[in-house]
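Here's the letter readout for the chains.
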Amino acid sequence: MLSQIVTTTPSPCHACHREKKGDEVLELIKKEAATRWGEAFPIGNGHMGAMVYGSLPVNRIELTENTFFSGEKSDVDNRRGADQAFYRMRELASKGEYDKVHEEAEAFIGVRNNYGTNLPVGQLLVDYGFQPEEVSEYERSLTISTGMVTSSFSKEGFKYQEEMFLSHPDHILIDHIRLSGRDKVKISFQPANEYGDVHYEESSLSFTCYAYETLHCDSLSGVMAVGHAAIVTDGSCSADTDGIVIEGATVIKLYADILTDFKRTLDSNKEQMLQEVVSHVQECLGKEYSQLKLRHKDDISQYMDRVDFQLKGKDEYVEQIPFLFQYGRYLLLSSSREDSKLPAHLQGVWNDNVACRIGWTCDMHLDINTQMNYWPSEAVNLSETTKPLFQWITKELMPSGTVSARESYGLRGWVGELVSNAWGFAAPYWASPIAPCPTGGIWVMMQMWEHFLYSNDLKFLELEFMPLLESAVEFFEQYIFLDEETGFYTSGPSISPENSFLYEGKPYQISNGCTYEILMIRELFQVYQESCNLLGLSHESYKRICEKTKLLQPYQITAQGTIAEWNHDLEEADPQHRHTSHLLGLYPFSQINPEDTPQLCEAAEKTLQAKLNPIENWEDTGWARSMLMLYEARLLHGDQAYGHMKSMLENLLEPNHMVYHPPTRGAGAFDHVYELDGNTGLTTCIAEVLLQSQKGIIRLLPALPDEWMTGEISGLRARGNITVDMKWESGKLVYARLTSKKDVRCIVEYAGARLELQLEQGLPHLLEF
């Protein structure tokens with residue numbers, strides 16, 4: 001039974017608070033120092049990132065900056081004559097001559113030039129001068145509710161303490177160290193490559209670093225970074241050629257900042273930039289440390305405290321779920337702030353120095369990774385983090401994509417392809433196995449649609465999203481073509497990221513009518529129609545798109561009962577491949593759902609089973625495992641979704657709880673590669689099993705795993721700008737509280753029962769069960 005209680009003030013039994021509960025510990029604690037990247041603790045302010053090792057004798061602090069990219073913008077990324085080659089490829093694909101399609105693709109693929117990658121800047125080193133075996137009671141911690149890293153240890157009866165944070169309000173890294181007064185500490189900086197230089201003075205150091213490498217660039221080109229660190233201490237300081245020595249200190253405070261010449265048009269010379277960063281650090285030195293720390297902690301906590309999550313259950317993994325949920329929020333917030341110059345790249349705001357040194361780069365991948373980085377943003381109450389993504393799409397990706405649409409396809413409008421970089425690279429990829437793929441722009445742009453759905457901001461829809469949407473629709477209306485055999489509109493040739501099929505015993509990738517591409521175009525056209533309806537537009541373009549949407553090639557089910565990935569029946573080259581692009585209609589979109597398309601849902605489940613059979617062949621990665629759990633959540637299979645979460649915790653979690661991409665047969669690497677999307681994908685799924693709001697219905701606990709017996713969450717957001725708080729016991733909902741930012745009617749569903757509610761602006765609406 002659903003009963004309603006509308007309250008203007010908190011009821012005695014269900015307080016409407018947002019404070020952290022006493023048993024929610026948002027802290028990682030380790031009793032040993034980090035020895036590698038996957039053990040270090042991450043901090044970030046949306047501009048700089050740092051991985052803090054807390055190691056002895058030398059504490060390593062690896063610094064990154066989100067605009068520190070090798071490469072440069074290029075106006076010749078599209079191959080001359082590509083537009084003509086594309087239509088020759090289409091004709092060959094229509095004949096099923098896939099070997100010849102790939103031969104012709106060599107005249108279509110993009111030109112890499114100085115594409116580049118994000119690179120690490122360098123590392124600050126704090127040398128205590130004694131070995132780990134000389135100390136006792138060692139401990140280090142990361143508190144994600146405040147973004148603080150601490151470490152402590154004892155030596156000769158004195159407790160040494162170090163705390164560090166990266167402030168967004170003051171744009172400064174601060175390392176505060178308490179010592180015995182009997183020590184000799186040395187502080188130095190090492191650039192991450194051979195192109196940097198360092199200069200030491202009595203109580204400060206300055207450095208210049210260059211984002212140069214030749215694996216992802218044809219020549220040395222990239223961003224310049226200048227940095228400055230100043231030391232405040234009660235000890236004595238002296239400088240030599242390789243560092244600053246501090247003696248007799250009981251307190252050392254290190255203040256550091258980095259500035260790059262990315263997008264600077266004036267005063268971008270090294271001396272001017274150094275003067276600016278020195279001035280900024282000096283300004284921070286003039287402020288009370290306690291106030292800087294308080295401002296930082298208040299800044300982080302105002303976002304982290306928006307959502308509170310408690311959970312108790314049957315197995316040993318349940319207790320880790322609330323922290324990992326909040327950890328994904330913390331990592332996204334640390335990587336992407338409203339004033340970040342670029343969106344979060346493959347590794348957020350950090351860089352493990354692995355992804356940038358292998359074939360795949362530390363950039364903005366548009367066939368899953370950048371999208372998944374931002375998937376949790378709206379639902380977990382971090383909408384502000386999306387602003388740099390939207391700015392980058394509008395100011396960088398779309399302008400480049402307009403050129404690519406014209407030069408590589410001969411069409412109006414804009415496209416985004418498989419990968420992009422700091423300068424909005426939008427040309428086809430430079431190798432035929434993963435090009436063409438013109439729907440990457442559609443996919444990443446749909447985060448803007450999600451922002452509208454959650455905010456109901458019609459001004460945003462009309463002024464920011466609609467111009468991008470209309471231009472993309474213009475391209476894809478021309479791009480699709482009528483298949484005379486079936487009577488449906490199809491598309492291509494293109495790839496299904498990043499999978500292959502077998503033709504005459506060999507793997508090929510390019511064909512017409514890929515399910516992935518069709519479902520992206522369907523989503524684009526449907527969103528366009530809905531946007532036009534909301535804005536009261538009914539022009540000829542709208543009418544044409546309405547008709548063409550109805551005639552788009554439908555989903556197809558194979559003889560094995562799975563959803564077909566291609567518009568042909570050729571065998572998959574790798575049935576357990578990590579990508580599942582043909583299932584995106586299930587998640588993140590809602591083209592496939594239990595209510596409207598039960599047959600497709602059954603086929604989707606069989607597709608997932610086939611991917612995991614045999615399980616040892618599944619190409620397991622953080623983001624790929626996240627997709628499996630998200631699909632199961634949308635199928636309302638909570639236990640299966642939780643099973644994938646547990647598999648991630650068992651197999652893909654570093655000691656610092658960052659989710660990694662191991663070397664696999666399809667994505668080789670010499671070490672684990674960190675990807676932000678593994679953590680944000682997990683956070684998204686945790687939210688998804690608790691609350692779904694697609695297709696106009698707010699579903700409470702739609703896929704709650706059986707093991708999640710008792711829990712409480714506050715601050716989740718549903719589409720329609722509605723905040724939802726819930727509590728459940730023994731797997732049953734006790735209450736739900738909905739608060740809307742405006743007067744609105746909504747439909748709420750729980751355990752198969754639906755209720756239509758009238759919510760009043762700012763007035764909590766309590767449902768008891």
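Placed above this text is the structure.
Heads up: these notes are all about the structure in this document. This one's a predicted model, so the numbers in the text were calculated from it and none came from an experiment. (Residues numbered from 1 in each chain as written. Predicted model: local features only at pLDDT ≥ 70, side-chain atom pairs only at ≥ 80, totals over all residues. Heavy atoms only, no water.)

Here the focus is the overall build of the protein chain. Scanning the protein chain from terminus to terminus reveals 15 helices and 34 strands. Its C-alpha radius of gyration of 27 Å places the protein chain within 12% of the 27 Å reference for a compact globule of 769 residues. With the C-alpha coordinates of the protein chain rotated into their principal frame, the extents come out at 85 × 70 × 50 Å. Out of the 769 residues belonging to the protein chain, those deemed buried represent 64%. (Helix = DSSP H or I, 4+ residues; strand = E, 2+ residues; numbered from the N terminus. Rg over C-alpha atoms; globule rule 2.2 N^0.38 Å. Buried < 20%, exposed > 50% of the residue type's maximum accessible area, 1.4 Å probe, protein only.)

As judged from the 5 bridges shared by strand β12 (residues 197-201) and strand β13 (residues 204-210), these two strands associate in the antiparallel manner. Within the sheet, the bridge partner assigned to Glu201 lies in β13 and is Ser204. Counted between consecutive antiparallel strands, the loop separating β12 from β13 contains 2 residues. (Pairing = 2+ DSSP bridges.)

Next up on the list: the packing of helix α8 (residues 440-455) against helix α10 (residues 515-535). The description of two helices packed together rests on the angle between their axes and the distance between the axes. Relative orientation of the contacting elements α8 and α10 amounts to 35 degrees, with a least axis distance of 10 Å. Taken as a pair, α8 and α10 cross one another with a handedness that is left-handed. Residues Gly440, Ile442, Trp443, Met445, Met446, Trp449 and Phe452 of α8 form the contact with α10, whose own contacting residues are Tyr516, Met520, Ile521, Glu523, Leu524, Val527, Glu530, Ser531 and Leu534. Of the residues contributing to the contact of α8 with α10, the split by class is 12 nonpolar, 2 polar and 2 charged. (Axes fitted to C-alpha atoms, helices over the stretch in contact; angles between N-to-C directions. Left-handed = near helix turned anticlockwise from the far one by under 90°. Contact = heavy atoms within 4.5 Å. Nonpolar A, V, L, I, M, F, W, Y, C, P; charged D, E, K, R; others polar.)

Time to look at the sheet that holds strand β2 (residues 27-30). Taken together, 9 strands build an open sheet; the order of strands is β2-β7-β8-β9-β10-β17-β14-β13-β12 and the sheet is antiparallel. The open sheet has two edge strands, β2 and β12, and neither has a second partner. The mean angle between the axes of side-by-side strands here comes to 15 degrees, regardless of whether they run parallel or antiparallel. Direction of pairing for strand β8 (residues 148-155) relative to strand β9 (residues 158-167): antiparallel, over a ladder of 7 bridges. Bridge assignment links Ser154 to a residue of β9, and that residue is Lys159. Along the sheet face, helix α3 (residues 270-285) touches β10 (172-178), β12, β13, β14 (224-233) and β17 (251-260) and points at about 30 degrees away from the line of β14.

The next thing to look at is the nonpolar core. Counting residues in hydrophobic clusters, the biggest one holds 231 residues, and the most contacted among them are Leu690, Trp708 and Leu738. Examining the composition of this core, we find that 11 residues originate from one element, helix α9 (residues 458-479), more than from any other. With residues up to four places along the chain from it excluded, the contact list for Trp708 reads Leu311, Lys312, Val318, Ile321, Tyr642, Met645, Ile686, Val689, Leu690 and Trp728. (Core = buried A, V, L, I, M, F, W, Y, C linked by side-chain atoms within 4.5 Å.)

Along the chain, Glu62 turns up in strand β5 (residues 58-65). A polar side-chain atom of Glu62 sits 2.9 Å from a polar atom in the side chain of Tyr53. Those residues within four positions of Glu62 in sequence are excluded, and the remaining contacts are Trp37, Gly49, Ala50, Met51, Tyr53, Gly122 and Gln123. (Polar contact = N/O pair within 3.5 Å; in protein donor to acceptor, adjacent residues only side chain to side chain.)

Under the criterion given, the structure shown has 42 salt bridges. One salt bridge connects Lys646 with Glu707, and the closest N-O pair in it is separated by 3.9 Å. Pair noted here: Lys646 is in helix α14 (residues 638-651) and Glu707 is in the loop between β28 (697-700) and β29 (710-718), with a separation of 61 residues, a long-range link. The pair Lys646 / Glu707 is uniform in exposure class, with both members buried. (Salt bridge = Lys/Arg side-chain N within 4 Å of Asp/Glu carboxyl O.)

What follows is about the packing of aromatic side chains. Counting across every chain of the model gives 41 aromatic pairs. Each ring, one from Phe153 and one from Tyr160, has its centre 5.0 Å from the other, and the planes form 15 degrees; the classification is stacked. Classification of Phe153 as buried rests on a relative accessible area of 3%. Among the aromatic residues, those joined into a cluster by ring pairs are Phe86, Tyr87, Phe108, Tyr409, Phe475, Phe476 and Tyr479. Of note, Arg140 hangs over the ring of Phe41, and the distance from its end group to the ring centre comes to 4.4 Å. (Phe/Tyr/Trp six-rings, centres within 6.5 Å; stacked < 30°, edge-to-face > 60°. Lys NZ or Arg CZ within 6 Å of the ring centre and 35° of its normal.)

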